[in-house]
Amino acid sequence: MGKGLNTEKSVIIDEPQQKIEIKSMFSQINSLAGLIVLFIILSIASPHFLEIKNLMNIARQSAINSLVAIGMLMAILTAGIDLSVGSILALSTVVMGILVVKLSINPFIGILVCLLVGSFLGMLNGLMLTKLNLPHPFISTLGMQNICRGLALIVTKASPISGFPPIIQYLGSAFLGPVPVSFILVVIVYLIYNLFLTRTVTGRHIYAVGGNKEAARLSGINVDKILIIVYTLSGLMAAMGGLVLTGRVNAAYPLAGLAYETDAIAAVIIGGASFMGGVGTVWGTLIGAMIMAVLRNGLNLLGVSAEWQTVAIGTVIIGAVYVDVLRRKMQAKSQIAK
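Residues numbered from 1 in each chain as written. Predicted model: local features only at pLDDT ≥ 70, side-chain atom pairs only at ≥ 80, totals over all residues. Heavy atoms only, no water.

1. Comments concerning the pattern of salt bridges
Then, number 1: Enumeration according to the criterion identifies three salt bridges in this entry.
Then, number 2: With its nearest N and O atoms 4.0 Å apart, the salt bridge here joins D224 to K131. Note that D224 is positioned in helix α10 (residues 223-249) and K131 in helix α4 (residues 107-131), a separation of 93 residues in sequence.
Then, number 3: Under the relative-accessibility criterion, D224 is labelled partly exposed at 23%.
Then, number 4: E214 is the partner of R217 in a salt bridge, and the nearest nitrogen-oxygen pair spans 3.9 Å. (Salt bridge = Lys/Arg side-chain N within 4 Å of Asp/Glu carboxyl O. Helix = DSSP H or I, 4+ residues; strand = E, 2+ residues; numbered from the N terminus. Buried < 20%, exposed > 50% of the residue type's maximum accessible area, 1.4 Å probe, protein only.)

2. As for the layout of surface pockets
Then, number 1: In this structure, the second largest pocket spans a volume of roughly 360 Å³.
Then, number 2: Elements with a contribution of two residues or more to the lining of the second largest pocket: α2 (52-77), α10, α11 (260-270) and α12 (282-301).
Then, number 3: The element best represented in the lining of the second largest pocket is α12, accounting for six residues.
Then, number 4: Of the residues in the lining of the second largest pocket, the class split is seven nonpolar, five polar and three charged. (1 Å grid on protein atoms, 1.4 Å probe; cavity = no way out; pocket = protein on both sides within 12 Å on 5 of 7 lines; lining within 4 Å. Points joined across faces, edges and corners; volume = space filled by probe spheres on them. Nonpolar A, V, L, I, M, F, W, Y, C, P; charged D, E, K, R; others polar.)

3. Considering the packing of helix α3 (residues 85-102) against α10
Then, number 1: Interaxial distance between α3 and α10 falls to 8 Å at its minimum, and their mutual angle equals 60°. It follows that α3 is oblique to α10 by the angle criterion. When the axes of α3 and α10 are compared, the crossing they make is right-handed. Here V85, I88, L89, S92, T93 and M96 of α3 come into contact with α10, specifically with S234, G235, A238, A239, G241, G242, L243, L245 and T246.
Then, number 2: Considered class by class, the residues forming the contact of α3 with α10 number eight nonpolar, seven polar and no charged. (Axes fitted to C-alpha atoms, helices over the stretch in contact; angles between N-to-C directions. Parallel < 35°, antiparallel > 145°, perpendicular 65-115°, else oblique. Left-handed = near helix turned anticlockwise from the far one by under 90°. Contact = heavy atoms within 4.5 Å.)

4. Re the packing of aromatic side chains
Then, number 1: For the coordinates displayed, the defined rule picks out three aromatic pairs.
Then, number 2: Here F39 and F49 contribute two aromatic rings whose centre-to-centre distance is 5.1 Å and whose plane-to-plane angle is 70°, an arrangement assigned as edge-to-face. On the criterion of sequence distance, the pair formed by F39 in helix α1 (residues 2-45) and F49 in the loop between α1 and α2 is long-range, its members being 10 residues apart.
Then, number 3: Look at Y190 and W283: their rings are 6.1 Å apart centre to centre, the planes differ by 35°, and that puts the pair in the tilted class. (Phe/Tyr/Trp six-rings, centres within 6.5 Å; stacked < 30°, edge-to-face > 60°.)

5. Some remarks on unusual backbone geometry
Then, number 1: A positive phi angle, close to 55°, is found at N133, a residue other than glycine.
Then, number 2: Turning to its location among the elements, N133 is positioned in the loop between α4 and α5 (137-156).

6. Observations concerning the environment of F275
Then, number 1: Note that F275 resides in the loop between α11 and α12.
Then, number 2: For the pair F275 and I81, spaced 194 residues apart in sequence, the C-alpha separation works out to 8.3 Å.
Then, number 3: Ignoring sequence-local partners within four residues, the contact set of F275 consists of I76, A79, I81, I265, I269, V321 and D324.

7. Things to note about the packing of α2 against helix α7 (residues 181-199)
Then, number 1: The interhelical angle for the contact between α2 and α7, taken along N-to-C directions, is 20°, at an axis separation of 8 Å. As summarised for this structure, α2 and α7 are arranged roughly parallel, according to the angle between their axes. As α2 runs across α7, the sense of the crossing is left-handed. In this structure, α2 contributes A59, R60, S62, A63, S66, L67, A69, I70, L73, M74 and L77 to the contact, and α7 contributes S182, F183, L185, V186, V189, Y190, Y193, F196 and L197.
Then, number 2: Of the residues that constitute the contact of α2 with α7, the class distribution is 16 nonpolar, three polar and one charged.

In short, geometric facts, not functional conclusions.
Put into C-alpha cells, the structure is as follows:
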C-alpha cells in the first residue's frame, strides 16, 4: 500500500519535472543566443563596447537587478509575482542606515538586520497570500509595496541616510582585480540557488507547485509552506540587492528601488521563465539580467536618450512574453496532434 502511494507521487511529480527541465533548457539556450547576438551587434556598433573596463561596468550595473531577479524567479516559478521587492529593498536599507549610521551599531549587525527585515517582509507576503486566502499575490504584494514605501518615508522623514562604514561600501563599490565584488557575490548566490532548485526536495516542490498547484497538493506537498518560503526568499534577495545599492552610492534613501520590480520581472521573463509558472532557470534569469544591462549599456554608448531606452526595454519585455505565448500555443498544438 505504502509502496503504491510512493509510486503515485513519483508519477505526479517526477515525470512533469523532466518535461519542465527540458522546456527550461531550451528557453535558456534561446536567451543565451539572444545575448550573443546582442553582443555582436553592439560590438560592431560601438568600438568601446568590448573594452574590459566597459564589460566590467556591465557586470557591476547588472548586479543589483540580478540579485532582486533571483528572488522574483522564485515567485514566478509558482505562477506568482512580487510587486513589493523595490519597496522592501528601500525599507530594509533605511532600517540598516538608522542602526549603523545614526545609532552607531556594529555594521555586521546592521547587515544582518537588513537581511532579516527583508526576509520578514517577504514572509508576510507569503502569509497574507496563504493564510488570508487572498486571490492572487498581485494583491498582497501590491499592498506590501505601498506599506513598505510609506514606512521608509516615515522613518527617514523622506531624507537619505549617508556615511556608511567601509565594510558596507565594499559590497557595492569594491573590485577584486578588474572584477566587481558585487558581481562575484551574484555568481556565488546564483550557484547556491541553482543547487537549491535542482538538488533539493523543496526546489523540486517549487516547480511542482508552479506546474500544477492542485496536483502538487494532492501529491502531499504543503503548498502553503512552499509559497511562504518562496516569498521569504524574494524579500531576502531584495534586501541583498539593497545592500549592494547602498554600498555603491554610500547612501540609503526611502525612494530607492523604484520600478525595480519591473526590471526584475523583465530579467526573469527574458531569461525564459513563464508567467504561467513551473518553467524557468537560475542561469536563464542571470542571462536575462545581463541582456538588460548590456542593452542599456549599449544604448548609452550609442548616445540614445533615457526615454528611448525605456521604450526599448518595454519592447523587449513584450517580445519576451509574446515568445512565451507562442511557445505554449505550439506545445498545446503538438499535444493535441498526439
